[in-house]
Every structure is written in C-alpha cells, then in structure tokens.
Amino acid sequence: MRGLPGGPAAYGGAAPGSAAYGGPRSRPGQGDGHRGLDPPRPPGAGRLRLVTALAALRDDVALDTVDVADHELPGGLDALDPVVALRPRLAAADAFVLIVPEYNRSVPGPLKTLIDSFQSEWDAKPVGFLGYGLSLTGGVRAVEHLRQVSAEFHAVGMKDAVLFPRVLEHYDAQGRFPAEPEGPEAAAKLMLDELLWWALALRDAKSVRPYGV
Ligand SMILES: Cc1cc2nc3c(=O)[nH]c(=O)nc-3n(C[C@H](O)[C@H](O)[C@H](O)COP(=O)(O)O)c2cc1C
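Residues numbered from 1 in each chain as written. Predicted model: local features only at pLDDT ≥ 70, side-chain atom pairs only at ≥ 80, totals over all residues.

Caption draft 1: Molecular detail of the pairing of strand β2 (residues 126-132). For β2, the buried fraction is high: 7 of the 7 residues fall into the buried class. On β2, burial covers both faces: P126, G128, L130 and Y132 on one face and V127, F129 and G131 on the other are all buried. By the bridge criterion, 6 bridges tie strand β1 (residues 96-101) to β2 in an arrangement that is parallel. By the bridge assignment for β2, P101 is matched with Y132. Between β1 and its parallel partner β2, the chain crosses via helix α3 (residues 109-116), and the hand of that crossover is right-handed. In the sheet, β2 pairs with strand β3 (residues 156-157) via 2 bridges, with the strands oriented parallel. Residue pairing in the sheet places V127 in a bridge with G157 of β3. Here β2 runs beside strand β4 (residues 162-164); their pairing, made up of 3 bridges, is parallel. Residue G131 lies in a different strand from β4, and its bridge partner there is L163. (Buried ≥ 20, exposed ≤ 12 C-beta atoms within 10 Å, placed from the backbone. Helix = DSSP H or I, 4+ residues; strand = E, 2+ residues; numbered from the N terminus. Pairing = 2+ DSSP bridges. Right-handed = clockwise from strand over helix to strand, strands pointing away.)

Dropping the structure here:
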C-alpha cells in the first residue's frame, strides 16, 4: 500500500453466493469447512474493515479500496449459455485433458471460472494436463495448480503431464507444431496411457458402486 496512492489496496473478493463461496451449487457435508455452512454473512464488510481499519491507523499509507463485488465480473457462469451447453458433454465424458497456458504462474482466470462452474461433472474422473508458456517452466505452475483444483472436485490428476517450455520455439518456420514431435508425442502417449487406465478403471468401478462421497 505504501507509495501507491490511488492503487488498489484491498480486495473484497467474490460476491457472496458465488461459486467461490460455495454458493448455490454447494453440496452439504463435503467436509471442507465452508460448503454447506450458512451462517449470517454480511457482504464482505468485516473482512474489508479488518484491513482498512488497521491501515487507517498508519500515517505511511494512502488507502484506496476496490471491492470486486462492486464491479460486474463473473463470479460463476452457472446460468450462462456456454456452461448450460457444456454440462451434458462434461457429464458424459469418462476423462478430461486440460490444455492450459500459464498466466502469471497460474491458471488463466476464465479457465478457472469455467472449471468452478461445474461440480459433479468432474467427480471421480481422471484428468490429464498439457501445459505451455513463454518461460522455461513450460506451464508446470499452471498444471500443478490445476492438479490441486481437480482434487477439490474429486477428480484424479495424472502423474505425467505434457509440457512445452518456451512454447514459441516449438513452432517451425512453416508454423507447424511441435517442430520436433518425438519428445512431445512420447510424453502425450504416456499421459494418455495413464488417463485411459484410470478412465476404464473408474468407469467399471462406478458401474458397480456409483460415486457418492
Ligand atoms: C496475462 C499473461 C500472463 C502470462 N504469464 C505467463 C507466465 O507466468 N509464465 C509463462 O511461461 N508464460 C506466461 N504467459 C504466456 C502464455 O502462457 C502463453 O504462452 C502465451 O500467451 C502464448 O499462448 P497463446 O498463443 O495460447 O496465447 C502469459 C501470458 C499472458 C497474456
């Protein structure tokens, strides 16, 4: 906050009732400490005041607050056409491969919001990852964040991912991708072998015992 008069100093977070708060789609009893609980919750004011009141006591802070709830940003997409249209397709799938560019060491916001807009559609299904980025890390930070997210959705992340460090170097002069396919194809085959094993194993298991945890 110091030296940033006019800059954002505090974030109010997503609007109450949005997916981030375990809102309308929440399933009671999931045991993660926030879903299914419904105490009286005044809109973000207490949390914002906690920070602003302390900051206001200081003479080396110029305070400006931005409450995300005051702006028209999508917290969840549940009722929107893309999500309604995608829901049966995701529900019918036995497995997923998420292809993700790394954005600021993580997952692009729109992809995360899309993922957050579904729930049971991910349940007890395997997820493979392909990551890429402009840096040397090859999207691994986005992939590892997605792995954490998928755990929350009762999905199983595949151990081996396909990664493209310095992705622009994987195009040849004619724009073909990947310029040297041998390594990426071997990595993709390994990931798909794992994915298929889990997809069949979980489909068989669910035919005997539906997943209801
Ligand atoms: C907002 C933003 C943040 C990014 N952050 C990273 C990053 O942290 N690490 C990285 O390797 N690439 C980063 N990139 C590059 C993207 O991962 C991606 O490689 C680039 O946008 C080209 O991919 P595209 O053609 O699919 O857009 C970022 C790009 C954008 C637009």
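Caption draft 2: Quick look at the environment of D78. Checked against the element boundaries, D78 lands in the loop between α1 (45-56) and α2 (81-92). The exposure class assigned to D78 is partly exposed, which follows from the 18 C-beta atoms found within 10 Å. Along the primary structure D78 and F118 are separated by 40 residues, whereas in three dimensions their C-alpha atoms are 7.5 Å apart.

Caption draft 3: Broad picture of unusual backbone geometry. Here the amide bond leading from F177 into P178 is cis, since omega sits at -10°, within 30 degrees of zero. Tracing the backbone shows P178 in the loop between β4 and α5 (182-208). One non-glycine residue, N104, adopts positive backbone phi at about 45°. Looking at the element boundaries, N104 is found in the loop between β1 and α3.

Caption draft 4: View of the nonpolar core. Counting 21 residues, the largest nonpolar core has V100, V127, F129, V143, L146 and A161 as the members making the most contacts within it. Among the elements of the structure, β1, β2, α4 (140-152), β4 and α5 are those that each provide at least two residues to this core. If we ignore the near neighbours within four places in the chain, the residues touching V127 are F96, L98, S150, A155, V156, G157 and M158. (Core = buried A, V, L, I, M, F, W, Y, C linked by C-beta atoms within 7 Å. Contact = placed C-beta atoms within 7 Å.)

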